[in-house]
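Overview (structure and organization)
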Amino acid sequence: MSNAHSWGRLDKKRRAIAPFTPSIRATGKDSYLAYGNGRSYGDTCHNDRGTLLSTQHNNAVICFDRENGLLTAECGILLGDILQHLQGSGWFLPVVPGTKFVTLGGAIANDIHGKNHEKRGTFGRHVTSFNLWRSNGSQVQCSALEEAELFAATIGGMGLTGIITRAQIQLMKVASHFVEETKTPFASLSDYFDVEKEFSAASEYSVAWVDSLARGKSFGRGILMRGDHTFQSAQPDYRKPRLTVPLTPPISLVSGLPLRLFNLAYFHRNKRQNSSVSTHPDSFFFPLDVLAGWNRLYGPRGLFQHQCVVPQETARDVIPQLLAATHSAGQGSFLTVLKRFGSLNSPGFMSFPRPGYTLTLDFANRGQPTRQLLDRLDAITLDAGGRTNPYKDARMSADTFQRGFDQWQKLEQFRDPALQSDFWRRVVSPSAADTAAATIAATRNALVAPPLETPVNQAAKGEVHKPQLQPEQDNYSAHPAAMGPK
Ligand SMILES: Cc1cc2nc3c(=O)[nH]c(=O)nc-3n(C[C@H](O)[C@H](O)[C@H](O)COP(=O)(O)OP(=O)(O)OC[C@H]3O[C@@H](n4cnc5c(N)ncnc54)[C@H](O)[C@@H]3O)c2cc1C
């Protein structure tokens, strides 16, 4: 057993986990789920009634075509390791999230987005093909031309259609990994929408930090950060975290006065109009990675993240309503991020982004009052025609999910019957899920050979079980591929 947490650390459960190998074949009743690096916030990376299959040892770069910018790698490689590998090559990942400690498989399964959704869409748009392990032991090669439906179901399919063993991605040509960053303060949310409209189209990257605690005249103030890759010749080494939070404090340190002071200081430090500076990619894309285990600062009860997207037409009214709801509930968000999503479609039909604006809020878990606030945020989002992000979530209702993602039944049809997650059990009525799984299993049973003894089914029986991750250890340091200079 291992404490394979998700990033919210909302519980202290120990979970069955075994290494994934493509030779595994599932037995009748067992259920599994791929576990990348646990950077999802809630329960999309958990399967408490089954066994997690850790991909962390499947982390090799298989092939890099420097001329055409095509990279093929195993699914457990971290995006940070890919970036380190690409250093000096003139190529960059076209989409990166706010942390580099995400695996390639996790990036595809959640079809992640970056600060350039308007320009590049989601990660899945740049995936040219992948191999998908299915629980009958087969491997299916998927692309937009081959097994196209399974390809579309897997991108954003939250690990439910199979386990991606390797993938090929089309990289983005850049002069340098460094970014010329420009910060522009805005005095209110309506100011943000004007400033963003005026400046963002010209830049590759754009994201705003909002001082979610400011009230009165300063309500909705913040800093818009834009960036483009520079032409500078220096090549960055991607860094390991400089500091670590070694222990979980007994109470959340991310609330009250410290939170207020942080927001105040951050705004005043960055408010110098249109200051422009060449920035290391670690600082521009992954500022939080400098402090390993920062999620522990939220204390033993962990944190919830809420990310929603609302259509452009309603955003000017709805984003202030969402912030106001956090004020009325008396719960501050430590990091509040506002971005625009563009209209480039994802190949995945379950992908979270859609055109509009996306607001991300982090809350220390205070139990029922926090859950009530999150329900309120969901309701405002749904009323505005938006939806809540599943892979940041740990509690949304089945109704909220199903109204936001009207193609969920299609994903259920493509779900491998031996794969399941706590999230999916929660948001899909168990009876509907069981019926669909039984139909799929019946048509597929003929293909499944008798079970083999594998590390996984031995592990599931309790015969082999080496913890993959140690208590209170940051997942990153446990990852064998951990790259970069020390
Ligand atoms: C600080 C921080 C910043 C973040 N910023 C962003 C952001 O800007 N944009 C964004 O979109 N997300 C962001 N995220 C969320 C994160 O990018 C996603 O949750 C990502 O999918 C996590 O990847 P992982 O490798 O840790 O996978 P896990 O969290 O372990 O798993 C995620 C899902 O992928 C599935 N999975 C994992 N590997 C495979 C595989 N090989 N085959 C099939 N399925 C697989 C799992 O079953 C699970 O459903 C952020 C998270 C953190 C902690």
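Cut-offs used in this document
- Residue positions within a chain follow its written sequence, with the count starting from 1.
- The model is predicted, so local features are restricted to residues of pLDDT at least 70 and side-chain atom pairs to those at 80 or more, both for listing and for counting; the totals for chains, interfaces and linings are taken over all residues.
- Labels follow the DSSP assignment, with helices taken as runs of H or I lasting at least four residues and strands as runs of E lasting at least two, numbered in each case from the N terminus.
- By definition, residue pairs are in contact when their C-beta atoms, positioned from the backbone, come within 7 Å.
- Each nonpolar core consists of buried Ala, Val, Leu, Ile, Met, Phe, Trp, Tyr and Cys residues. Their C-beta atoms, within 7 Å, join them into a set.
- We call a residue exposed when 12 or fewer other C-beta atoms sit within 10 Å of its C-beta, buried when the count reaches 20 or more, and partly exposed for counts in between; the C-beta positions come from the backbone.
- Whether two strands pair depends on DSSP finding at least two bridges between them.
- Only the C-beta atom matters for nearness: placed from the backbone, it must lie within 6 Å of the molecule or strand for the residue to count as near.
- Polarity classes work like this: nonpolar for Ala, Val, Leu, Ile, Met, Phe, Trp, Tyr, Cys and Pro, charged for Asp, Glu, Lys and Arg, and polar for all others, with Gly in that last group.
- Axis definition: a line fit to C-alpha positions, over the contact stretch in the case of helices; interaxial angles, taken between N-to-C directions, run 0 to 180 degrees.
- For classification purposes, an angle smaller than 35 degrees is called roughly parallel, one larger than 145 roughly antiparallel, one from 65 to 115 roughly perpendicular, and anything else oblique.
- Helix crossings get a hand from a simple test, with the near helix turned counterclockwise from the far one by less than a right angle marking a left-handed crossing and a clockwise turn marking a right-handed one.
- Here the arc refers to the directions that run from the helix axis out to each C-beta atom.
- pLDDT is a per-residue confidence score from the predictor, ranging from 0 to 100.

What to know about the overall build of the protein chain
- Scanning the protein chain from N- to C-terminus turns up 15 helices and 20 strands.
- Long-range contacts, defined as pairs at least 24 residues apart, comprise 75% of the intrachain contacts of the protein chain with a sequence gap of at least 6.

Concerning the nonpolar core
- By size, the foremost hydrophobic cluster in this structure holds 113 residues, and its most contacted members are L53, L79, I108, A167 and I319.
- Not counting residues within four places of it along the chain, the set of residues in contact with I319 comprises L189, L338, Y357 and L359.

Quick word on the sheet that holds strand β18 (residues 337-341)
- Judged by pairing direction, the sheet is antiparallel, and its 8 strands sit side by side in the order β15-β11-β13-β12-β18-β19-β17-β20 without closing on themselves. Only two strands of the sheet have a single partner each, and these edge strands are β15 (275-279) and β20 (387-388).
- Direction of pairing for β18 relative to strand β19 (residues 356-364): antiparallel, over a ladder of 5 bridges. Looking at the pairing, F341 lines up with G356 of β19.

A closer look at the site of the ligand
- Taken together, 33 residues are adjacent to the ligand, and G36, G98, G105, G106 and G159 come closest.
- Among the secondary structure elements, those contributing two or more residues to the shell around the ligand are β2 (32-35), α2 (104-109) and β9 (163-170).
- Residues belonging to the shell around the ligand are distributed by class as follows: 16 nonpolar, 16 polar and 1 charged.

Thoughts on the packing of helix α8 (residues 312-328) against helix α9 (residues 368-383)
- Two numbers describe how α8 lies on α9: the axes approach to 10 Å, and their chain directions differ by 170 degrees. If you check the angle between α8 and α9, you find them roughly antiparallel. The two elements α8 and α9 meet at a crossing, and its hand is right-handed. Contacts between α8 and α9 pair V318, Q321, L322, A325 and T326 from the former with L373, R376, L377 and I380 from the latter.
- Partitioned by chemical class, the residues of the contact of α8 with α9 number 6 nonpolar, 2 polar and 1 charged.

Looking at helix α5 (residues 189-199)
- All of the buried residues along α5 are L189, Y192 and E196. An end-on view of α5 places all buried positions within 35 degrees of arc, on one side of the element. α5 presents D194, K197 and E198 as exposed residues on the side facing more than 90 degrees away from its buried surface.
- Those residues of α5 hidden inside the fold are in contact with β11 (179-186), β12 (205-210), β13 (222-229), α8 and β18.

Focus: unusual backbone geometry
- Phi is positive for R9, which is not a glycine, with a value near 50 degrees.
- Residue class for R9 comes out buried when judged on the 21 C-beta atoms lying within 10 Å of it.
- The phi angle at D111 is positive, at roughly 40 degrees, despite the residue not being glycine.
- The class of D111 is buried, set by 27 C-beta atoms lying within 10 Å.

Some words on the confidence of the model for the protein chain
- Per-residue confidence for the protein chain averages 87 on the pLDDT scale, and 87% of its residues sit at or above 70.
- Confidence over residues 433-486 falls short of pLDDT 50; this stretch has 92 contacts with residues more than four positions distant or in other chains.

Examining the sheet that holds strand β5 (residues 70-74)
- Strand order in the open sheet formed by 5 strands is β4-β5-β9-β7-β8, and the pairing between neighbours is antiparallel. Looking at the sheet topology across the chains shown, the edges are occupied by β4 (61-65) and β8 (139-143). The mean angle between the axes of side-by-side strands here comes to 10 degrees, regardless of whether they run parallel or antiparallel.
- The sheet contact formed by strand β7 (residues 127-133) and β9 spans 6 bridges and is antiparallel. Its bridge partner lying in β9, S129 is registered against Q168.

Quick word on the pairing of β13
- Within β13, 6 of the 8 residues are buried, which leaves the element mostly enclosed by the surrounding structure.
- Sheet analysis places β11 next to β13, joined by 8 bridges and oriented antiparallel. Opposite K183, over in β13, you have M225 as the bridge partner.
- Taken together, the 6 bridges between β12 and β13 define a ladder with antiparallel strand orientation. Bridging across to β13, V207 finds its partner in M225.

Considering the pairing of strand β17 (residues 303-310)
- Where burial is concerned, most of β17 is hidden: 8 out of the 8 residues are buried.
- On β17, burial covers both faces: L303, Q305, Q307 and V309 on one face and F304, H306, C308 and V310 on the other are all buried.
- One ladder, built from 8 bridges, connects β17 with β19; its direction is antiparallel. By the bridge assignment, Q307 is partnered in β19 with T360.
- Pairing of β17 with β20 involves 2 bridges; the strand directions are antiparallel.

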